[in-house]
Amino acid sequence: MTEAQTYSFFLGCVMPNRFPNVEKSIREVLPRLGIELEDLEGASCCPAPGVIRSFSEPTWLALASRNLALAEKAGHDLITGCNGCYGTFKEALATLHENPERLTEVQKVFKGLGIKFTGNVDAKHLIEVIYALGPEEIKKRVTRPLTGLRVAVHYGCHLLKPSKNRPWKKTERHTFLDELVEATGAESIRYRDKYMCCGAGGGVRGSNVPVSIDIAREKLDNMLEAGADVLVDVCSFCHLQFEVSQPQLNKELGENRYQLPVMYYTQLLGLAMGLEPDQLGLNKHVVSTKALLDRILG
Amino acid sequence: MTSPVAPEIIDDEDINPEFVDTIVRAGADRIRTCIQCGTCSSVCPSGRRTAFRTRELIRKALLGLKEEVLTSPDLWLCATCLTCLERCPRQIKVTDAIIIMRNMAVEEGYMLPQHRKASRKLIKTGHAVPIDDANREMRRELGLQEIPPTTHASDKALQQVQEIMRRTGFIDLIEKAERE
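Procedures and definitions
Residues numbered from 1 in each chain as written. Chains lettered and ligands numbered in written order. Predicted model: local features only at pLDDT ≥ 70, side-chain atom pairs only at ≥ 80, totals over all residues. Domains from an automatic or database assignment. Contact = placed C-beta atoms within 7 Å. Helix = DSSP H or I, 4+ residues; strand = E, 2+ residues; numbered from the N terminus. Nonpolar A, V, L, I, M, F, W, Y, C, P; charged D, E, K, R; others polar. Axes fitted to C-alpha atoms, helices over the stretch in contact; angles between N-to-C directions. Parallel < 35°, antiparallel > 145°, perpendicular 65-115°, else oblique. Left-handed = near helix turned anticlockwise from the far one by under 90°. Pairing = 2+ DSSP bridges. Buried ≥ 20, exposed ≤ 12 C-beta atoms within 10 Å, placed from the backbone. Arc of directions from axis to C-beta.

K.L.:
So what about the domain arrangement of chain A? Which residues, and what values?
P.N.:
Residue and element names in this part refer to chain A. When cut into domains, chain A gives domain 1 (5–125) and domain 2 (135–297). Each of domain 1 and domain 2 was reduced to a C-alpha centroid, and the two centroids are 24 Å apart. Contacts between the two partners involve 27 residues from domain 1, matched on the other side by 27 residues from domain 2. Listed by contribution, the elements that provide at least two residues to the side of domain 1 that touches domain 2 are α1 (14–18), α2 (20–32) and α5 (83–98). Top contributing element to the side of domain 1 that touches domain 2 by residue count: α2, with eight residues. Residues belonging to the side of domain 1 that touches domain 2 are distributed by class as follows: eleven nonpolar, ten polar and six charged.

K.L.:
Lay out the packing of helix α3 (residues 54–63) of chain B against helix α6 (residues 94–107) of chain B in plain terms, naming residues and giving numbers.
P.N.:
Residues and elements named next belong to chain B. Look at α3 against α6: their axes get within 11 Å of each other, and the N-to-C directions meet at 60 degrees. When the axis of α3 is compared with that of α6, the two are oblique. The hand of the α3/α6 crossing is left-handed. Each of Thr-54, Ile-58 and Ala-61 in α3 lies in contact with α6, whose residues at this interface are Val-94, Ala-97 and Met-101. Residue classes in the contact of α3 with α6 are distributed as five nonpolar, one polar and no charged.

K.L.:
Before we move on, could you go through the interface of chain A and chain B and cite the residues and values that matter?
P.N.:
When the parts of a complex come together, some accessible area is lost, and that lost area is often used as the size of the interface. Listed by partner, the interface residues are 53 residues for chain A and 50 residues for chain B. Counting residues per element, the ones that place at least two in the side of chain A that touches chain B are α1, α2, α3 (52–55), α4 (57–74), α10 (204–207) and α11 (209–225) of chain A. The element contributing the most residues to the side of chain A that touches chain B is α4(A), with six residues. By residue class, the composition of the side of chain A that touches chain B is 25 nonpolar, 17 polar and eleven charged.

K.L.:
Before we move on, could you go through the sheet that holds strand β4 (residues 123–125) of chain A and cite the residues and values that matter?
P.N.:
All names here are of chain A. If you walk across this open sheet you meet the four strands as β2-β1-β3-β4, and the pairing is parallel. Looking along the sheet, the strands with just one partner apiece sit at the ends: β2 (35–39) and β4. Sheet twist, expressed as the average angle between the axes of neighbouring strands with direction ignored, equals 45 degrees. Across three bridges, the pairing between strand β3 (residues 78–80) and β4 is parallel. Across the sheet, residue Ile-79 finds its bridge partner in β4, namely Lys-124.

K.L.:
Talk me through the pairing of strand β1 (residues 5–10) of chain A; I want residue IDs and the actual numbers.
P.N.:
Residues and elements named next belong to chain A. Where β1 and β2 come together, five bridges link them in parallel fashion. Residue pairing in the sheet places Ser-8 in a bridge with Glu-38 of β2. The pairing of β1 with β3 spans three bridges and is parallel. If you follow Phe-10 over to β3, its bridge partner there is Thr-80.

K.L.:
Tell me about the environment of Leu280(A), and please be specific about residues and values.
P.N.:
Residue and element names in this part refer to chain A. Topologically, Leu-280 is positioned in the loop between α13 (265–272) and α14 (290–297). The spacing of Leu-280 and Met-263 is 17 residues in sequence and 10.0 Å in space, taken between C-alpha atoms. Aside from chain neighbours lying at most four places away, what touches Leu-280 is Lys-24, Ser-25, Glu-28, Gln-267, Gly-270, Leu-271 and Leu-275.

K.L.:
Describe the sheet that holds strand β5 (residues 150–154) of chain A, and please don't skip the residues or the numbers.
P.N.:
All names here are of chain A. Taken in spatial order, the four strands line up as β6-β5-β7-β8 in an open sheet, and their pairing is parallel. Edge strands, defined here as strands with exactly one partner in the open sheet, are β6 (187–188) and β8 (262–264). Note that strand β7 (residues 230–233) and β8 share three bridges and pair parallel. Paired with Leu-231 across the bridge in β8 is Val-262.

K.L.:
How would you sum up the packing of α11(A) against helix α12 (residues 236–253) of chain A? Please name residues and give values.
P.N.:
Residue and element names in this part refer to chain A. Two numbers describe how α11 lies on α12: the axes approach to 10 Å, and their chain directions differ by 95 degrees. The angle between α11 and α12 places the two elements in the roughly perpendicular class. Across from Ile-213, Ala-216 and Arg-217 in α11, the residues of α12 making contact are Gln-241, Phe-242, Ser-245, Gln-248 and Leu-249. Broken down by class, the residue content of the contact of α11 with α12 amounts to four nonpolar, three polar and one charged.

K.L.:
If you had to explain helix α7 (residues 126–133) of chain A to someone new, which residues and values would you point to?
P.N.:
All names here are of chain A. Turning to α7, its buried residues number three or more, namely Leu-126, Ile-127 and Ile-130. Projected down its long axis, α7 carries its buried residues within an arc of 95 degrees, all on one side. At its buried positions, α7 is contacted by α2, β3, β4, α9 (176–182) and α13. Immediately beyond the C-terminal end of α7, within one or two residues, lies Gly-134, with a positive phi of roughly 100 degrees.

Set out below in C-alpha cells:
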C-alpha cells in the first residue's frame, strides 16, 4: 500500500457543470488508490488555454495564477482531470518560472486582494498521479477484470504537448494510458491516428461546429473500424466532444452509426475495481452505456 | 502575352514591417527561421478538412500582412493541438505565434460572436461553461454538492475573479465596440 497523498482538486468548468458523472467517478476511485482530494474552494475557470488565452494572454495568466495561488495556500499540489486545465497550469507555471517579470506583473494585479502567490506549487494531471503508482499496483486492485473488452484510448493533446514541458519520458507514441487500461484486464487496441486531436480545442468547438465535429468523426471512424467496444479518455473537454458529437453526427446522417460508449478512465478502472455503475455515474451518459454494462456485468 | 490568372499584388501599404517584431517580442522568437517546409500544414487536423494552411499564415505574418492575417477567419480554425509546434524542424512555437496573433486580432476588435459570448459568461460567473439547471439536478442525483465548490458557491471568490478581469482590462476588451 502506497502512502496517502493529498491534492487540491481543481474541477474546471466542463466537468462539474456538464459531466458531473465523471467528477463522481474521480471522487469515488482516487481515494481508493490512496489519492486524497481536497476541494479547491472558490476556484474559477482555469481559464481555457486555447480560448481565453487567445483573447487576452495577461488575463489568462492572472486567473491561472489565482487558481494556483489557492492550491499554494492550501499547501498541496493542484490536481486536475482535464487536459485543457492541465495545459493552462503547466504553461502558466513555465511562463512564470522562466520570466520572473511576469510573476511580478501578476502580483501587481493581485495587489490589495489578499492573494499570496510565489509560484511555488505544482500542477498534475490525475492520470500522471495514477501512473506514478504503476500499472502493477493498479492490477492489484482489480476484482472484476475487463477481459475481452476492446478499448480505444484517446490521450488528447495538452496532456502530451508541448513535450518540453510535460513529465512523460517519450515525446511521441506514448503508452502510459494503454498500460493503465490493460491493467484492468481490457485490451487497448491499435487504431489509425490514435494521438490525433478530438477537434474541440482552441475555440473551434465554440465557433465552428462543422469543422470541430468532423475531426471527432474521423477519430470515431478510425476507432469503429478497428473494432472498439468503448472509447476511454482522460479529459473532460475531449469527453464532451465525443459524447455530444455522436448524436449530432447521427442526426446529420439520419442513421445511428455513432454509438460508441465514452468512458473516462476512472469509470473504467472503477468498474474493474468492482464498483457499481451508479457509483461511477455510468447511467448518466449521452451515448448509452447500457449494452456495454450488461456485457461487463454479465 | 497576358496571363489568364490575375497576379496577386501585395501593395507597399499592406506591409507592416513591425508586425513580425511584435510576434517575436511576445514569445514566438524563432518565427523568422521558418523555411516554409509545410510540416505544420501537413500535420494540422483542421487543415485536413479546410483551406486553412498554417504555413501560409506564418508566411503572411513574416511578410507583414498584418491586416490580412488579423481579419482572416482562418486564424480561428486552429484547435491548438500543438502538433505543428512539436514537429516544426526549426522549433518555431507555431501555436504560440497563432495565439499571439489572435490576441492582436481581439485587441483590434476582431472577435467571433461565440467567443465574445463565452467571455461574457466568464465575466459574469467565473466560468466559461457555467452550471445550468439540468446539471444541478444531475449533481444532486449523483450525491454531489448541487452547486460545485467553485466561484459558483462563493460570491466573494467571484468578485475577486471579476476584479482581476477588470484590472487586466478584460472586461473593457470584451465590451468594447465589435468589428466582425
